[in-house]
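Inside the fold
Residue-level listing of the chains:
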Amino acid sequence: MAAGRVFAFRDARWAPDPVLEPGAAVRTPQPVPLVIDNGSFQTRAGWACPDPAVPAEPLLRFRSLAARSRGARGGAGAETQVGNDLGSPEPLRWLLRSPFDRNVPVQLELQELLLDHVFQRLGVASQGCVDHPIVLTEAVCNPLYSRQMMSELLFECYQVPKVSYGVDSLYSFYHNRRQNWPCSGLVISSGYQCTHILPVLEGRLDAKNCKRINLGGCQAAVYLQRLLQLKYPGHFAAITLSRMEEILHEHSYIAEDYIEELQKWRSPEYYENNMHKMQLPFSNKLLGSTLTSEEKQERRQQQLRRLQELNARRREEKLQLDQERLDRLLYVQELLEDGQMDQFHKALVELNMDSAEELQSYINKLSLAIEQTKQKILQAEVNIEVDVVDSKPETPDLDPLGSEQSLEDVESINEFEPLFAEEQPEVEKPVATVQPVFNLAEYHQLFLGTERIRAPEIVFQPSLIGEDQAGIAETMQYVLERYPKEQQAVLVQNVFLTGGNAMYPGLKARVQKELLEMRPFQSSFQVHLASSPILDAWYGARDWAVEYMTREEGWITRKDYEEKGGEYLKEHCASNVYVPIRLPKQAPRTTEALAPSRVLASSTGNPCEHT
C-alpha cells in the first residue's frame, strides 16, 4: 500500500464566530433583508443587499446545535453555547440539543438561541427589535403549527417588520435556473435528516405529489459508525460521529451499480488500490518495555526522591498537629492547677474525657509521640535511606482527640511499599531492548473498503439499515407515475439534484442510470447538479430577496400576522402551498331547538343514550 493512501483525521475545532460590524449599506436608504437558511445540519445567514460593498455570501455558517451547562458548584450560572462557540461537539455530545425534529423546528426555545446568535454576531444593533425584513427557509409542507410558532417568535419577540418563508431546495432550484431551462422539473433534495422528491410544474411546487424519505446524512453517519465499531472493537471510543461525518464528506462515494461495485471490491488488487486508511491519534509512550536499564534506574531514583520528600512533609505536619494538641491539653491542666474547676470540667467535656487522670495519660502519650517524631526527622536528615511511615498509628489510644493521619494518607503511602520493600541494591541484569511485535501506527488505522459505498447507499436501499421505506429510485418512479405521460416527459427533462448528499461523487451518474432503467426506450431525460449543493439554498433566497425587496408579493407583514394568524403564508415561486385551517361550521343552537331535547332527556334515566 502506498503511503499516500493513509489519511489522518483532521479533528478540526470550530473557531468562534466574531461579532461583525454591518456597513452603512445594509441600513440606508432602508434596512435590507436578512437571509437565514435555517437547516437542520447548519445555519447560514447573511445580507441580501444589491450594493457590491456587502458580500453576496453567507457571513455566518454554524451547526444548528446548542449546549447548556448546568452551572458550576461555586454558584456560577448555567452557560449556553451555540454553534461554533462549542469548539468541538464530541466532549459535549451528551449536552447537545437541536431545535429540529427531523427537518422541522419544534423546540422554539432552542430556535430562539440560534436566532439570538445570528442577530448578535451580524451586529443587528437596533433597540429592542430587529428592524430588518427576514427571509427564512422552512421544510417542505411545513406543519402549520411550526410556522405559527416561528411567526410568533419573529413578530412578538423580535418585532420584525415582515417575513417571507420559502423551501430551501426550491430556492436552490431558483438560483440555478438558466435561460433555456424549463420552468418545470423534478427536484431531488437529499439533506441531513430527510430526502425529498419535489415535482415543480410551471414554476410552482405541486405539493400534493411531494414525497419524503426519512433518511439522510445523519443516518448514514450512524450506520458507518456501527459498521466500524463492529469491525474495530478495540477503538470503540475513538470512532466518533464527528469522524464518521468527515469520512462521509471526504472519502465516500455512491456506486453507479452497487452489486457490480461490491464484486470489484472482492478483488485483492482492487481492494489494495482503492482502500483508504484512516489514521487514529496514538502515543508512543505506550511502549514502556523499550526503556533501557539506565532509564529505569533514573525513574526509580526519581520515585525514591519523591517518596522521601512526601514522608518528610507528612512528619512535619504530624509534628505540628501533635504539638498544637499537646499545648491545648497542657492549658487544660493549668486550669486544674489554678483551681478554676468550672472551666476545667467544661474543657474536659469538650475533649470527651472523664477525669484528670485520663487527661494526664493523654498528655504522656502525646509527649512520647512528639519525641519519636522529632527523632525520625533528625534520623531522616542524616540517613540516606528512605523511612517508610509505619501503617499503624503510633498513638492508637488518642482516638477521642482525632487521628492525626487520615486513613487515605496511610493507604497512599502503603501503595509504595511493594516497590521499595527490598532496599539492598540488586545486581543489574543486561536488558535487551524489546522491539514491538506490531506496528503501533498501523494498529491505530481504520481500513475503509466497502464502507465507502455502503453508508451512502442507504438513500437508495433503506433496507440496509432495516428501514421499511422506498429508496430514491422507487420514490422517483412513484412520483412520475402519478402524472400523464406528457407531463412525465416534461419533468424528466430537468431532474435537479441539490442538498448536502448531492456532494457525493457518483450521485448524478447513479440517478441517470436509474432513470435509464425506468424510462421508455429511446426517451430523453436530463439530470442537472446544483452548482453549490450546500450553499445554493442561501444564494437562491438572497436572489429572491433582492428581486422582491420592494414588492409586496411573498412578504408577510405584521398586519397580516395579526389579522390572519401565525400560520398564514404568502405564496411565491419558491414557497410552500398555503392550505388554511378549515374548521367545520357548527349550526347555531337556539333555546327553542334545545327545549325538546331537554324534555326527552328528563323523561329517560340515561341522557347519554340520545346523544
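Residues numbered from 1 in each chain as written. Predicted model: local features only at pLDDT ≥ 70, side-chain atom pairs only at ≥ 80, totals over all residues. Heavy atoms only, no water.

**Remarks on the overall build of the protein chain**
For the record, the criterion: Counting from the N terminus, the helices are DSSP H or I runs at least four residues long and the strands are E runs at least two residues long. Buried, partly exposed and exposed residues are distinguished by accessible area as a fraction of the type maximum, computed with a 1.4 Å probe on protein chains only: under 20%, between the cut-offs, and over 50%, respectively. Only heavy atoms matter for contacts: two residues are in contact if any of them lie within 4.5 Å across the pair. Calculation of accessible area relied on Shrake-Rupley with a 1.4 Å probe; when residues are assessed, cover is drawn exclusively from the protein chains displayed.
Counting secondary structure elements, the protein chain contains 19 helices and 20 strands. By residue count, 42% of the 611 residues in the protein chain fall in the buried class. Once local pairs closer than 6 in sequence are excluded, the contacts in the protein chain between residues at least 24 apart make up 72%. When the accessible surface of the protein chain is summed, it comes to about 34,100 Å², and 52% of that surface belongs to carbon and sulfur atoms.

**Considerations on the sheet that holds strand β16 (residues 276-279)**
Sheets are built from strands that pair by backbone hydrogen bonding, the pairs being arranged parallel or antiparallel. The condition that has to hold: For two strands to be treated as a pair, DSSP must find no fewer than two bridges joining them. Where helices are involved, their axes are fitted lines through C-alpha atoms of the stretch in contact, as for all axes, and angles between N-to-C directions lie from 0 to 180°.
Read across the sheet, three strands follow the order β1-β16-β17 without closing on themselves; strand pairing throughout is mixed. Edge positions in the open sheet fall to β1 (6-8) and β17 (445-448), since each of these has one partner strand only. Sheet twist, expressed as the mean angle between neighbouring strand axes with direction ignored, is 30°. With four bridges connecting them, β16 and β17 associate as antiparallel partners. Among the inter-strand pairings, Gln279 is bridged to a residue of β17, identified as Gln445. Against the sheet, helix α5 (residues 241-251) touches β1, β16 and β17, its axis set at about 145° to β16.

**Some remarks on helix α16 (residues 507-518)**
To keep it simple, the criterion reads: In this analysis, the expected span of each helix is defined as 1.5 Å times one less than the number of residues it contains.
Here α16 is twelve residues long and its end C-alpha atoms lie 17 Å apart, about the 16 Å a rise of 1.5 Å per residue gives. Residues of α16 that are buried include every one of Leu507, Arg510, Val511, Lys513, Glu514 and Leu515, and no others. Where α16 is buried, its residues meet β12 (185-190), α14 (472-480), β18 (495-498) and β19 (527-529).

**Quick look at the sheet that holds strand β5 (residues 66-68)**
Taken in spatial order, the three strands line up as β6-β5-β7 in an open sheet, and their pairing is antiparallel. The sheet is open, and its two borders are formed by β6 (80-82) and β7 (96-97), each paired with just one other strand. Pairing of β5 with β6, which is carried by three bridges, proceeds in the antiparallel orientation. Bridging from a neighbouring strand, Ala66 pairs with Val82 of β6. The strands touched by helix α1 (residues 108-121) within the sheet are β5, β6 and β7, with β6 carrying the most contacts at an inclination of about 65°.

**Re the packing of aromatic side chains**
Cut-off, in case you're wondering: For Phe, Tyr and Trp, rings pair up if their centres lie within 6.5 Å, where Trp contributes its six-membered ring, and each pair is then called stacked (planes under 30 degrees apart), edge-to-face (over 60) or tilted (otherwise). Lysine NZ or arginine CZ positioned within 6 Å of the ring centre and within 35 degrees of the ring normal marks a charge as sitting over the ring.
Across all of its chains, the model carries ten aromatic pairs by this definition. Consider the rings of Trp544 and Trp555, whose centres lie 5.4 Å apart with planes at 45°: the pair is tilted. In this pair, Trp544 is assigned in helix α17 (residues 536-547) and Trp555 in the loop between α17 and β20 (556-557), connecting sequence segments eleven residues apart. Look at Trp544 and you get buried, because its relative accessible area is 0%. Between Tyr568 and Tyr578 the ring centres are 5.4 Å apart and the planes differ by 80°, which places this aromatic pair in the edge-to-face class. Placement of the pair is Tyr568 in the loop between α18 (558-564) and α19 (591-603) and Tyr578 in the loop between α18 and α19, with a sequence separation of ten residues. Given a relative accessible area of 13%, Tyr568 falls into the buried group. Here a set of aromatic residues connected by ring pairs shows up, and it is made of Trp265, Tyr270 and Tyr271. Positioned over the ring face of Tyr174 is Arg177, at 4.0 Å from the centre of the ring.

**Re the packing of α14 against α16**
As a reminder, the rule being used: An angle below 35 degrees is treated as roughly parallel, one above 145 as roughly antiparallel, one from 65 to 115 as roughly perpendicular, and anything else as oblique. Rotating anticlockwise by less than a right angle from the far helix to the near helix defines a left-handed crossing, while the corresponding clockwise rotation defines a right-handed one.
Two numbers describe how α14 lies on α16: the axes approach to 10 Å, and their chain directions differ by 50°. In terms of orientation, α14 and α16 fall into the oblique class. The way α14 lies across α16 gives a crossing that is right-handed. Of the residues in α16, those in contact with Ala473, Met476, Gln477 and Leu480 of α14 are Val511, Glu514, Leu515 and Met518.

**Description of α5**
Burial in α5 covers these residues: Arg243, Met244, Glu245, Glu246, Ile247, Leu248 and His251. Among the structural elements, β1, β4 (60-63), α4 (217-231), β16, β17 and α13 (451-454) are those in contact with the buried residues of α5.

**Concerning the UniProt feature "coiled-coil region" (unreviewed entry) in the protein chain**
Defined as follows: UniProt positions are given in the numbering used here, feature names are shortened, and annotations may be inferred rather than shown by experiment.
UniProt feature "coiled-coil region" (unreviewed entry): in the numbering of this structure it lies at residues 293-327 and 356-383. Here residues 293-327 runs as 100% helix and 0% strand, with 51 Å between its end C-alpha atoms.

**Observations concerning the pattern of salt bridges**
As a reminder of what qualifies: Definition used for salt bridges: Asp or Glu carboxyl oxygen within 4 Å of a side-chain nitrogen of Lys or Arg.
Applying the stated rule across the entire model yields 20 salt bridges. Notably, a salt bridge pairs Glu250 with Arg10, separated by 2.5 Å at the nearest N-O pair. Note that Glu250 is positioned in helix α5 and Arg10 in the loop between β1 and β2 (34-38), a separation of 240 residues in sequence. For Glu250, a relative accessible area of 43% puts it in the partly exposed group. Taking relative accessible area as the criterion, Arg10 reaches 52% and is therefore assigned exposed.

**Some points on the packing of α4 against α5**
The following threshold applies: Gly counts as polar in this scheme, as do all residues outside two lists: the nonpolar Ala, Val, Leu, Ile, Met, Phe, Trp, Tyr, Cys and Pro, and the charged Asp, Glu, Lys and Arg.
One can describe the packing of α4 onto α5 by two numbers: an axis separation of 9 Å at closest approach and a directional angle of 110°. Judged by the inter-axis angle, α4 sits roughly perpendicular to α5. Listed contacts from α5 to Gly217, Ala220, Ala221, Val222, Leu224, Gln225 and Leu228 of α4 are Leu241, Met244, Glu245, Ile247 and Leu248. Across the contact of α4 with α5, the residue classes break down as nine nonpolar, two polar and one charged.

**Thoughts on unusual backbone geometry**
What is expected of a backbone is that most residues other than glycine have negative phi and most peptide bonds are trans. Looking along the chain, the bond that leaves Thr28 and enters Pro29 is cis, with omega of -5°. Following the sequence through the fold, Pro29 ends up in the loop between β1 and β2.

**Focus: the nonpolar core**
Short version of the rule: By nonpolar core is meant a set of buried Ala, Val, Leu, Ile, Met, Phe, Trp, Tyr and Cys residues that side-chain atoms within 4.5 Å join together.
In this structure, Ile188, Leu228, Ile247, Leu446 and Val511 are the most contacted members of the largest nonpolar core, which totals 47 residues. Put simply, the parts of the chain that give this core at least two residues each are β12, α4, α5, α6 (258-265), β17, α14, β18 and α16. Of all the elements, α4 adds the most residues to this core, at six residues. Leu446 has contacts with Phe9, Leu228, Tyr232, His235, Ile239, His276, Lys277, Met278 and Leu280, leaving out every residue within four places of it along the chain.

**Describing empty space enclosed by the protein**
The test is simple: Only protein atoms enter the calculation, which uses a 1 Å grid: trapped sets of points that fit a 1.4 Å probe without letting it out are cavities, open sets showing protein on both sides within 12 Å along at least five of seven lines are pockets, and any residue with an atom within 4 Å of a point is a lining residue. Grid points are joined across faces, edges and corners, and a volume is the space filled by probe spheres set on the points.
Taken as a whole and assessed by the stated rule, the structure comprises two cavities of 30 Å³ or more. Put simply, the largest cavity is a space of about 70 Å³. If you trace the largest cavity, you find 13 residues lining it, with Ile188, Ser190, Ile472, Asn501 and Leu507 closest to the centre. Only β12, β18 and α16 provide two or more residues apiece to the lining of the largest cavity. There is about 50 Å³ of room inside the second largest cavity. Considering the residues around the second largest cavity, the lining is formed by Asn38, Pro105, Leu136, Thr137, Glu138, Asn142, Ser146, Met150 and Tyr165. Those elements giving two or more residues to the lining of the second largest cavity turn out to be β10 (134-138) and α2 (144-157).

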